[in-house]
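One letter stands for each residue in the lines below.
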Amino acid sequence: MSRIGRKPIPLPKGVTVTVNGDDVTVKGPKGSLDFKVLPGISVEVKEDQVMVSRSSDEKAMRAAHGMTRAIINNMVVGVSQGFEKQLEIIGVGYRAQMQGKNLVLSLGFSHPVEVVPPAGIELATDGPTKIFVRGIDRQKVGQMAAQIRGYRPPEPYKGKGIRYVGEYVMRKAGKAGSK
């Protein structure tokens, strides 16, 4: 039995889970999320927890069991608390600023980079070097943060670029010089 898949998902107050065939809908104070369950996986709501089970012991079914439980758990956490990724900009002249709901990045290119957030994602800055990506869908928050980081990933010599807060960048030595 999958260690992750068999764990029940506790439902906090204000969060409801509705199962309609193979569609799972999670509603909470921050919004609503939907997920289509793979065939062979069943989801049932008992009192204040959600249980995920599988029909067979095939390898693909075991993998889908744990994945389905993790996705539904992330949906429950998302609609009750939300998710946030923090990015920091390091480098002389690199900065971020908000223009309405859009994020404008100055990253040493000949033009500013404008980032338009998709529906359900909120971008914010705290000063010119901190960026916050917030939302209820964990996958979308992570994807948006990775996309912003991808405009100027940290380089290994001086460490300049956009990185996640707390990310360690392996540094390389520069030129050794000639004899």
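All of these numbers come straight from a predicted model, not from anything done at the bench.

A. Layout of the overall build of the chain. Regarding its fold elements, the chain presents 2 helices and 13 strands. For the chain, the C-alpha radius of gyration of 21 Å lies well beyond 16 Å, the compact-globule estimate for 179 residues. Dimensions of the chain, computed from the C-alpha atoms along their principal axes, are close to 70 × 45 × 25 Å. The burial tally for the chain puts 33% of its 179 residues in the buried class. Here the chain displays about 11000 Å² of accessible surface, and carbon together with sulfur accounts for 52% of that area.

B. Spotlight on the nonpolar core. Ranked by internal contacts, the top residues of the largest apolar core, which has 20 residues, are Val17, Val24, Val26, Val43, Val50, Ile72 and Val76. Listed by contribution, the elements that provide at least two residues to this core are strand E3 (23-28), strand E4 (31-36), strand E5 (41-46), strand E6 (49-54) and helix H1 (59-80). Considering every element that reaches this core, the biggest residue donor is H1, with 6 residues. Grouped together as the second largest cluster of nonpolar side chains are 19 residues, Leu107, Ile131, Val133 and Met144 included.

C. View of H1. Taking 1.5 Å of rise per residue, the 22 residues of H1 would be expected to cover 32 Å, and the 32 Å separating its terminal C-alpha atoms lies within 8% of that figure. Of all the residues in H1, the buried ones are Met61, Ala64, His65, Gly66, Thr68, Arg69, Ile72, Met75, Val76, Gly78 and Val79. Just past H1, the residue Gly82 takes up positive phi, approximately 90°.

D. Layout of the packing of aromatic side chains. Overall, the coordinates contain 0 aromatic pairs when judged by the stated rule. One residue, Lys85, lies across the ring of Tyr164, its end atom 5.4 Å from the ring centre.

E. A look at the environment of Ala124. Note that Ala124 resides in strand E11 (residues 121-125). For Ala124, a relative accessible area of 17% gives the class buried. Residues Ala124 and Gly142 lie 18 residues apart in sequence; the distance between their C-alpha atoms is 15 Å. With sequence-adjacent residues up to four places away left out, Ala124 is seen in contact with Met98, Lys130, Ile131, Phe132 and Arg134.

F. How the structure looks around the side chain of Arg69. Take Arg69: it is sitting in helix H1. For the buried Arg69, which has no salt bridge, the nearest side chain bearing the opposite charge is Asp48, at an N-O separation of 13 Å. A polar contact of 3.3 Å, which involves the side chain of Arg69, links it to the backbone oxygen of Ile4. A polar atom in the side chain of Arg69 sits 3.4 Å from the backbone oxygen of Pro8. With residues up to four places along the chain from it excluded, the contact list for Arg69 reads Ile4, Gly5, Lys7, Pro8, Ile9 and Val52.

What counts and how
- Residues numbered from 1 in each chain as written.
- Predicted model: local features only at pLDDT ≥ 70, side-chain atom pairs only at ≥ 80, totals over all residues.
- Heavy atoms only, no water.
- Helix = DSSP H or I, 4+ residues; strand = E, 2+ residues; numbered from the N terminus.
- Rg over C-alpha atoms; globule rule 2.2 N^0.38 Å.
- Buried < 20%, exposed > 50% of the residue type's maximum accessible area, 1.4 Å probe, protein only.
- Areas by Shrake-Rupley, 256 points an atom, 1.4 Å probe, with all protein chains shown as cover.
- Core = buried A, V, L, I, M, F, W, Y, C linked by side-chain atoms within 4.5 Å.
- Expected span 1.5 Å × (residues − 1).
- Phe/Tyr/Trp six-rings, centres within 6.5 Å; stacked < 30°, edge-to-face > 60°.
- Lys NZ or Arg CZ within 6 Å of the ring centre and 35° of its normal.
- Contact = heavy atoms within 4.5 Å.
- Lys, Arg positive; Asp, Glu negative; His and termini not counted.
- Salt bridge = Lys/Arg side-chain N within 4 Å of Asp/Glu carboxyl O.
- Polar contact = N/O pair within 3.5 Å; in protein donor to acceptor, adjacent residues only side chain to side chain.

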